[in-house]
Amino acid sequence: MQLIQATAPADWKRQSWQDPLPGGDLVVLCEENTFPTLPRGAIAIVLDSVRYPEGFLKSLPNTVITLDAPAEGATFMWTPVRAELFKPKPWNERKGIICPVRLKNYPMRQKAVSVLEKLGVKIIERDDAARSYQDYVDDLCSARAVVNFCQDRKTGKPQVKGRVFEALTAGALLFEEWNEHTGSVLPFTSFCDWRDFGELKALRDGLNEAIGKGIAAHGLEVAEEFSAQRFWAVIEKLAA
């Protein structure tokens, strides 16, 4: 949430729930414990929308934006990233395949991690407090390819994770676990999808380097279309 908040226009006031609510337009970043106190009329940007019962978001007296998956009564957008932190390396200076993955509270991924490591994929632990966000970004910007899982840890439902847009902004070749949503947002020429580890291995072994370079370059171009500036311009228009 803090990373998303940091992408908003600099002159927009930030505050926590502990502060008195001001007058005027409100944009609220919403997690599961937010909705009982969601101000009427505020624009609700909902994280992990797949966790809510069917029809819940539609019932809110708010303009609702979802970032992870489409939902009835909501506008499906994307996760804005701080593009100024990303310095993509040229293709010929990039090395290896990485998988930025959150392991805490994801016991089902331990087995997957061992398979990925056997495939030569380097695991980047997202919950490692010793590494800064900039370190993580630098890893993305220097990797040739990034493997991404799409399932929500609580429901198992597919999501378009923020890592999708981070990987594209970094200029890496995105190896996205197949799901029904990512392809509805991004052109299939900007990433590669896989359904199982056999397909992932085939991508690793069989993808022509020139084609991989071209897909990564197109992904970087697409990422520019999904900029934070455009995201907040849409939000501002909705608030008008």
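Above this text sits the structure in question.
S.K.: How should I be thinking about the sheet that holds strand β8 (residues 173-177) in this particular structure?
M.R.: What links the strands of a sheet is backbone hydrogen bonding, and the strands pair in either a parallel or an antiparallel sense. On the basis of which strands lie adjacent, the open sheet formed by five strands has the order β6-β5-β7-β8-β9 and parallel pairing. With partners counted over all chains shown, the strands left at the sheet margins are β6 (121-125) and β9 (192-194), one partner each. In this sheet, adjacent strand axes meet at a mean angle of 25 degrees when their direction is disregarded. Bridge count for β8 against β9 is three bridges, and the pairing is parallel. Of the residues in β9, the one forming a bridge with Glu 176 is Asp 193. Of the strands in this sheet, β5 (97-101), β6 and β7 (145-148) are in contact with helix α4 (residues 133-142), which crosses β5 at around 150 degrees. The strands touched by helix α7 (residues 197-206) are β5, β7, β8 and β9; relative to β9, the strand with the most contacts, the crossing angle is about 145 degrees.

S.K.: Any chance you could explain the sheet that holds strand β4 (residues 75-76) here in plain terms?
M.R.: In space, the four strands of this open sheet follow the order β1-β2-β3-β4, with parallel pairing throughout. Strands with a single pairing partner mark the edges of an open sheet, and in this sheet they are β1 (27-30) and β4. Note: β1 against strand β2 (residues 43-46), four bridges, orientation parallel. Looking at β2, one finds that Val 27 is bridged to Ile 43. Lying over the sheet, helix α9 (residues 228-239) contacts β1, β2 and β3 (63-66), oriented at roughly 145 degrees with respect to β2.

S.K.: Got a minute to help me understand the pairing of β2 in this structure?
M.R.: Regular strands place side chains that alternate from one sheet face to the opposite one. By the alternation rule, side chains of β2 split into Ile 43 and Ile 45 and Ala 44 and Val 46, which are all buried. In this sheet, β3 lies alongside β2 in parallel orientation, the contact comprising four bridges. Counted as the bridge partner of Ile 43 is Thr 63 from β3.

S.K.: Where do I start with the packing of aromatic side chains in this structure?
M.R.: One pair of aromatic rings is described through two measures. These are the centre distance and the angle between the planes. Counting across every chain of the model gives 10 aromatic pairs. Ring geometry for Trp 12 against Trp 232: centres 5.5 Å apart, planes inclined by 75 degrees, an arrangement best described as edge-to-face. A residue pair is termed long-range when its members are at least 10 positions apart, and Trp 12 in the loop between α1 (2-6) and β1 and Trp 232 in helix α9 qualify at 220 residues. What makes Trp 232 buried here is its relative accessible area of 5%. Seen from their ring centres, Phe 231 and Trp 232 are 4.9 Å apart, and the 80 degrees between their planes marks the pair as edge-to-face. No difference in accessibility class separates Phe 231 from Trp 232, as the two residues are buried. Of note, Arg 230 hangs over the ring of Phe 226, and the distance from its end group to the ring centre comes to 5.7 Å.

S.K.: Looking at this model, I keep getting lost on the packing of α4 against helix α5 (residues 162-169). Mind explaining?
M.R.: Geometrically, a packed helix pair is captured by the angle between its two axes and the distance between the axes. Here α4 crosses α5 at 60 degrees, and the two axes come no closer than 8 Å. Here α4 lies oblique to α5, going by the angle between them. When the axes of α4 and α5 are compared, the crossing they make is right-handed. Where α4 approaches α5, its residues Tyr 133, Tyr 136 and Leu 140 are matched on the opposing element by Arg 163, Glu 166 and Ala 167. Looking at the contact of α4 with α5 residue by residue, the class counts come to four nonpolar, no polar and two charged.

The rules behind each value
- Residues numbered from 1 in each chain as written.
- Predicted model: local features only at pLDDT ≥ 70, side-chain atom pairs only at ≥ 80, totals over all residues.
- Heavy atoms only, no water.
- Pairing = 2+ DSSP bridges.
- Helix = DSSP H or I, 4+ residues; strand = E, 2+ residues; numbered from the N terminus.
- Axes fitted to C-alpha atoms, helices over the stretch in contact; angles between N-to-C directions.
- Contact = heavy atoms within 4.5 Å.
- Buried < 20%, exposed > 50% of the residue type's maximum accessible area, 1.4 Å probe, protein only.
- Phe/Tyr/Trp six-rings, centres within 6.5 Å; stacked < 30°, edge-to-face > 60°.
- Lys NZ or Arg CZ within 6 Å of the ring centre and 35° of its normal.
- Parallel < 35°, antiparallel > 145°, perpendicular 65-115°, else oblique.
- Left-handed = near helix turned anticlockwise from the far one by under 90°.
- Nonpolar A, V, L, I, M, F, W, Y, C, P; charged D, E, K, R; others polar.

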